[in-house]
Amino acid sequence: MHLPANHLWRKIESELTGKDHAEAAAIMRRYLDEIPASWRGYQALRDRLVKRVGRSEAAGAGRSTRGSRDEFHVQRRGIARVCFIGAANCGKSAMVSAFAQAPTEVNDFPQTTREPVAGLLRLPGGDIQCLDTPAILPGTVDGDGFGRRLLHLISTGGAAVAVIDAGEDATAQASLIVDELAAFDVRVMPSAIGVELTPQGRGGISFAGDPIAKSDAATARRMLAEAEVLHARVTVRSAFSEEELAASLAGQTLMPTVFVVNKDDLPGAERAESELRDAYPDHAVISTNFLDEANFDALQAAIVSALGLRAVSLLEGPADDARATPLLMRAGSAVRDLAERAGDVDESPVAALVWGESVKHPGQEVGLSHLIAEGDRVHFRA
Ligand SMILES: Nc1nc2c(ncn2[C@@H]2O[C@H](COP(=O)(O)OP(=O)(O)OP(=O)(O)O)[C@@H](O)[C@H]2O)c(=O)[nH]1
Ligand SMILES: [Mg+2]
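For clarity, every value in this text was computed on a predicted model and none was experimentally measured.

Before we move on, could you go through the nonpolar core and cite the residues and values that matter?
Counting 34 residues, the largest nonpolar core has Ile85, Leu181, Phe259 and Leu276 as the members making the most contacts within it. Element by element, the count of residues in this core is highest for helix 6 (residues 170–183), at 6 residues. Discounting chain neighbours no more than four positions away, the residues touching leucine 181 are Ile85, Leu151, Ile154, Val186 and Val188. Within the second largest apolar cluster, 30 residues are counted, among which are Ala98, Val117, Val163 and Leu328.

Okay, here's the thing in structure tokens:
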């Protein structure tokens with residue numbers, strides 16, 4: 001969820017308070033990175049940031065001997081980003097290096113990891129960037145430990161894997177994560193995000209994605225009006241609650257989160273798992289350890305689900321048994337999005353033939369706005 005530009009500016013200003021020029025420049029650069037130039041209504045905010053970054057960098061020049069590399073800025077790769085997060089020494093680095101081959105250091109003392117390290121989970125249909133992150137410590141939101149730049153980094157993920165050390169108090173670790181994130185306006189959610197708001201400069205409120213019931217649309221319009229959001233595109237990806245929309249409107253970042261009970265080779269792992277299931281009944285809770293990788297498939301599936309990704313196939317020919325390329329697409333995607341993702345389609349398609357759940361008849365011809373479902377097989381027609 002994106003904040004309206006004026007709210008976002010206030011949030012950025014509050015983060016800049018008390019920072020020296022180099023830190024302020026790094027924060028603003030991160031935000032510039034996160035605000036695509038294509039967002040309508042954000043140009044003024046971008047211009048202001050660019051100007052201020054320039055000033056901060058000029059003012060900071062000569063005072064810093066460390067150059068301007070921002071260790072907490074990681075280039076995006078793949079179709080989505082997932083951050084592995086948790087308390088010190090819980091096994092985040094061991095997990096991410098075994099699960100996604102991140103070249104990161106594992107060591108038996110707290111705060112080994114001091115900056116994010118990226119790995120890549122290669123799936124048929126797309127790669128998912130997995131970030132190893134420094135530990136969340138009590139008071140991180142107040143600037144202790146790795147501070148707000150860690151929380152900002154976590155907020156850039158499409159989902160999170162909360163790693164819980166089975167040898168320590170499980171619910172205390174989970175609360176630490178949930179509370180520190182909440183204080184940074186990141187709300188831990190049990191499943192994929194069902195609704196997304198993209199503020200726009202004009203055009204009123206429009207709906208895209210999954211068709212929404214009239215009464216739900218009315219509720220959404222009322223809530224948007226109360227929050228004084230007049231122009232926005234509401235993309236419905238799957239069923240969503242009023243609570244979810246309210247959290248988005250309150251400027252919170254919604255973070256689907258999977259719990260992993262790590263070090264399940266240790267005694268106490270079963271108790272840790274059942275405690276978490278009791279405290280977070282709607283979340284996925286998966287036991288793992290990096291030594292036997294037994295539940296890595298389950299973790300993979302939970303991440304795909306938390307990101308709201310659906311597996312579809314792109315057919316080379318106009319037949320169900322034609323050669324197929326798998327693609328992972330976000331729920332609520334249309335044929336048009338699929339064509340954009342596929343990219344190298346010779347001519348821009350005007351229609352598609354579809355086999356699968358989203359159509360009544362096998363091989364049915366559909367338009368670009370047709371919504372695709374899990375398992376659909378699609379052939380474009382130019
Ligand atoms: N028994 C067991 N030990 C593990 C497991 N995973 C990690 N460890 C051990 O836990 C210690 C910490 O592992 P790391 O992966 O460095 O932990 P971290 O969460 O990245 O720690 P920080 O970077 O300091 O926050 C190391 O001694 C690991 O060998 C596991 O599945 N089972
Ligand atoms: Mg680590």
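Can you tell me about the sheet that holds strand 14 (residues 364–366), naming the residues and giving the values?
Adjacent strands of a sheet pair through backbone hydrogen bonds, lying either parallel or antiparallel. Strand order in the open sheet made by the 5 strands is 12-11-15-13-14, with mixed pairing throughout. Two strands close off the open sheet at either side, each with one partner strand: strand 12 (324–330) and strand 14. Recorded for the sheet is a direction-independent mean angle of 35 degrees between the axes of neighbouring strands. Here 2 bridges tie strand 11 (residues 309–315) to strand 15 (residues 377–381), and the two strands are oriented parallel to one another. In the sheet register, serine 313 faces strand 15, and the bridge partner there is arginine 377. Strands in contact with helix 11 (residues 335–342) are strand 11, strand 12, strand 13 (351–355), strand 14 and strand 15; relative to strand 12, the strand with the most contacts, it is inclined by about 120 degrees.

Requested: an account of the site of ligand 1, with residues and values cited.
In the vicinity of ligand 1, 22 residues are found, and the nearest of them are Lys92, Ser93, Ala94, Gln111 and Asp265. Within the contact set of ligand 1, an oxygen atom lies 2.6 Å away from a backbone nitrogen or oxygen of glutamine 111. With 3 residues, the top contributor of residues to the shell around ligand 1 is helix 4 (residues 92–100). Here the residues of the shell around ligand 1 are counted per class, giving 9 nonpolar, 9 polar and 4 charged.

Conventions used here
- Every chain begins its residue count from 1, and numbering advances along the sequence as written.
- Chains carry letters and ligands carry numbers; both start at the beginning, A for chains and 1 for ligands, and go up in the order they are written.
- Under the rules for a predicted model, residues below a pLDDT of 70 receive no local features and side-chain atom pairs below 80 are neither given nor counted, while totals for whole chains, interfaces and linings still include all residues.
- Note that the side-chain values use all heavy atoms of the structure and ignore hydrogens as well as water.
- Only buried residues count toward a nonpolar core, which is a set of Ala, Val, Leu, Ile, Met, Phe, Trp, Tyr and Cys residues joined through side-chain atoms within 4.5 Å.
- Note on exposure labels: buried denotes an accessible area under 20% of the residue type's maximum, exposed denotes more than 50%, and partly exposed covers the range between, all computed with a 1.4 Å probe on protein chains only.
- Working definition: helices are DSSP H or I runs of at least four residues, strands are E runs of at least two. Numbering for both runs from the N terminus.
- Contacts are assigned to residue pairs that have any heavy atoms within 4.5 Å of one another.
- The rule for pairing is simple: two strands pair if DSSP sees at least two bridges between them.
- To get an axis, fit a line to the C-alpha atoms, keeping to the stretch in contact for a helix; angles then go from 0 to 180 degrees between the N-to-C directions.
- Here, proximity means that at least one heavy atom of the residue falls within 4 Å of the molecule or strand.
- Any N or O atom pair separated by 3.5 Å or less is treated as a polar contact, with the protein-specific requirement of one donor-capable and one acceptor-capable atom, and with residues adjacent in sequence counted only for side-chain atom pairs.
- The classification used treats Ala, Val, Leu, Ile, Met, Phe, Trp, Tyr, Cys and Pro as nonpolar, Asp, Glu, Lys and Arg as charged, and all other residues, Gly among them, as polar.

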